[in-house]
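Okay, here's what each chain looks like letter by letter:
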Amino acid sequence: MGIAGTGTEDTDGTAGERGRLINVAYRLLGSVTEAEDAVQEAYARWYGLPGSRREEILSPGAWLTTVTGRVCLDLLGSARARRERYVGAWLPEPLPDRAQWDRAGSSAGPGDPADRIVLDESVAMAFLVVLESMTPAERVAFVLHDVFRYPFAEIAGVLGRTPAACKQLAASARRRVDTGRGPAPATGRADVVRHVKEAWETKDVAALVGLLDPAAVMTADGGGTVGTVLRPVEGGTRVARYMVAVADRAPGLELLERSVNGVPGLVARKDGVVVTVAAFDVADGRVARIWVVRNPEKLRPWTGDFPGAPQGPPRHA
């Protein structure tokens, strides 16, 4: 069996590193496709080494992590330029949970990279969006140290900086993360999302306003390929009215509650196809942020006609 699609036999035990590397790369890049590409590149470089050189490396896993981190660092740098040209807001790719993925009927099957990603708070949409505000070096230092507990001495090898400089980068990144409040309990978040779904389905503006923080913000990502609002909608009342207006323009959508990146969310399907995935940030019993992903390229893990599939915000949300 080949490793990472290289066609090379796994004689050195590196195949077992793949899942961990995918987890690291997804948190660094916010994209399943780019994470897979980064890991593929790391394996290609590993097997591009002379056999004698590979035998000299005491920890292949550490070597692969370093190379994956460097590839991601390069991708983050180029991504900044690409995202400046992106039509509308750019949001990370949303992921279903393992059970939903298995039921989705994807041709990729359980071996797909999306299925390898551990869904915890470090992949919640709220967290990934904060990571997007960091510089590439800050993001690498923070994710590797604070999420995966790599020592700064190893991170220094990824960033090409001193351990002390890497520690400063992680501290700077940490200040960007809102540590003032923890996430709402899972049951509380699920209840709020359920009430939002019910109010949205009945087009009850007043109920939606009551569920939204007065300063709530909705951000949508259509990638320029599907209709969606290009700028964030700000203010609970405006968001509520926008949601109802969207529902009026998009009849026939099925709206269901599903896990989005490990957190309660909503997904919308039209004619058996998932067209929208919505993630929520809930604080003090109200929705503070809504992230709506409609770009079809980012919804590949959700494709497939599976019973009770998550159905979310109406078609132009």
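This text goes with the structure placed above it.
Calculation rules
Residues numbered from 1 in each chain as written. Predicted model: local features only at pLDDT ≥ 70, side-chain atom pairs only at ≥ 80, totals over all residues. Heavy atoms only, no water. Axes fitted to C-alpha atoms, helices over the stretch in contact; angles between N-to-C directions. Helix = DSSP H or I, 4+ residues; strand = E, 2+ residues; numbered from the N terminus. Parallel < 35°, antiparallel > 145°, perpendicular 65-115°, else oblique. Left-handed = near helix turned anticlockwise from the far one by under 90°. Contact = heavy atoms within 4.5 Å. Pairing = 2+ DSSP bridges. Buried < 20%, exposed > 50% of the residue type's maximum accessible area, 1.4 Å probe, protein only. Salt bridge = Lys/Arg side-chain N within 4 Å of Asp/Glu carboxyl O. Phe/Tyr/Trp six-rings, centres within 6.5 Å; stacked < 30°, edge-to-face > 60°. 1 Å grid on protein atoms, 1.4 Å probe; cavity = no way out; pocket = protein on both sides within 12 Å on 5 of 7 lines; lining within 4 Å. Points joined across faces, edges and corners; volume = space filled by probe spheres on them. Nonpolar A, V, L, I, M, F, W, Y, C, P; charged D, E, K, R; others polar.

Novice: Can you tell me about the packing of helix 1 (residues 18–29) against helix 8 (residues 136–147), naming the residues and giving the values?
Specialist: The description of two packed helices rests on the angle between their axes and on the distance between the axes. Their axes nearest at 10 Å, the elements helix 1 and helix 8 cross at an angle of 135°. Accordingly, the angle class assigned to the pair helix 1 and helix 8 is oblique. In this structure, helix 1 meets helix 8 at a crossing whose hand is right-handed. Here Val24, Arg27, Leu28 and Leu29 of helix 1 lie close against helix 8, whose contacting residues are Arg139, Val140, Val143, Leu144 and Val147.

Novice: Any chance you could break down the sheet that holds strand 1 (residues 212–221) for me, citing the residues and the numbers?
Specialist: Sheet architecture is open: six strands sit in the order 2-1-6-5-4-3, paired in mixed fashion. Edge positions in the open sheet fall to strand 2 (233–234) and strand 3 (254–260), since each of these has one partner strand only. Pairing geometry for strand 1 and strand 6 (residues 286–293), over six bridges, is parallel. Bridging across to strand 6, Thr219 finds its partner in Trp291.

Novice: Which residues make up the pairing of strand 5 (residues 273–283), and what values go with them?
Specialist: Burial analysis of strand 5 places 10 of its 11 residues in the buried class, which makes it a mostly covered element. Here strand 4 (residues 263–270) runs beside strand 5; their pairing, made up of six bridges, is antiparallel. Bridged to Ala268 within strand 5 is Thr276. In sequence, strand 4 turns back onto strand 5 through a hairpin of two residues, with Asp271 there showing a positive phi of about 55°.

Novice: An account of the pattern of salt bridges is requested, with residue identities and associated values reported.
Specialist: This model, assessed by the stated rule, comprises 16 salt bridges. Note that Asp120 is salt-bridged to Arg27, the shortest N-O span being 3.3 Å. Taken as a pair, Asp120 in the loop between helix 6 (113–116) and helix 7 (125–132) and Arg27 in helix 1 lie far apart in primary sequence, 93 residues in all. Look at Asp120 and you get partly exposed, because its relative accessible area is 36%. Take Arg27: its relative accessible area is 2%, and that puts it in the buried class. Put simply, Arg82 and Glu34 hold a salt bridge, and the shortest N to O gap is 2.7 Å. Residue Arg82 is found in helix 4 (residues 60–84), and its partner Glu34 is found in helix 2 (residues 32–48); the two are separated by 48 residues along the sequence. Among the ionic contacts, a cluster of salt bridges with common partners joins Asp191, Arg194 and Glu257.

Novice: Report on the packing of aromatic side chains, specifying residues and quantitative values.
Specialist: Within this structure, the stated rule accounts for two aromatic pairs. Ring centres of Phe127 and Phe142 lie 6.0 Å apart, and the angle between their planes is 35°; on these two criteria the pair is classed as tilted. One end of the pair, Phe127, is in helix 7; the other, Phe142, is in helix 8, with 15 residues separating them in the sequence. The exposure class assigned to Phe142 is buried, which follows from its relative accessible area of 4%.

Novice: Tell me what's going on with the layout of surface pockets, and back it up with residues and numbers.
Specialist: The computed volume of the second largest pocket comes to approximately 250 Å³. Lining of the second largest pocket is provided by Ser31, Thr33, Glu34, Arg82, Arg83, Tyr86, Trp90, Glu93, Asn295, Glu297, Lys298 and Arg300. Elements with a contribution of two residues or more to the lining of the second largest pocket: helix 2 and helix 4. Tallied by class, the residues present in the lining of the second largest pocket amount to two nonpolar, three polar and seven charged.

Novice: I'd like a rundown of the side chain of Arg139, residues and numbers included.
Specialist: Along the polypeptide, Arg139 turns up in helix 8. Judged by relative accessible area, Arg139 falls into the buried class, the value being 2%. If sequence neighbours within four positions are ignored, Arg139 has contacts with Arg27, Leu28, Leu29, Gly30, Leu76, Leu128, Leu131, Glu132 and Met134.

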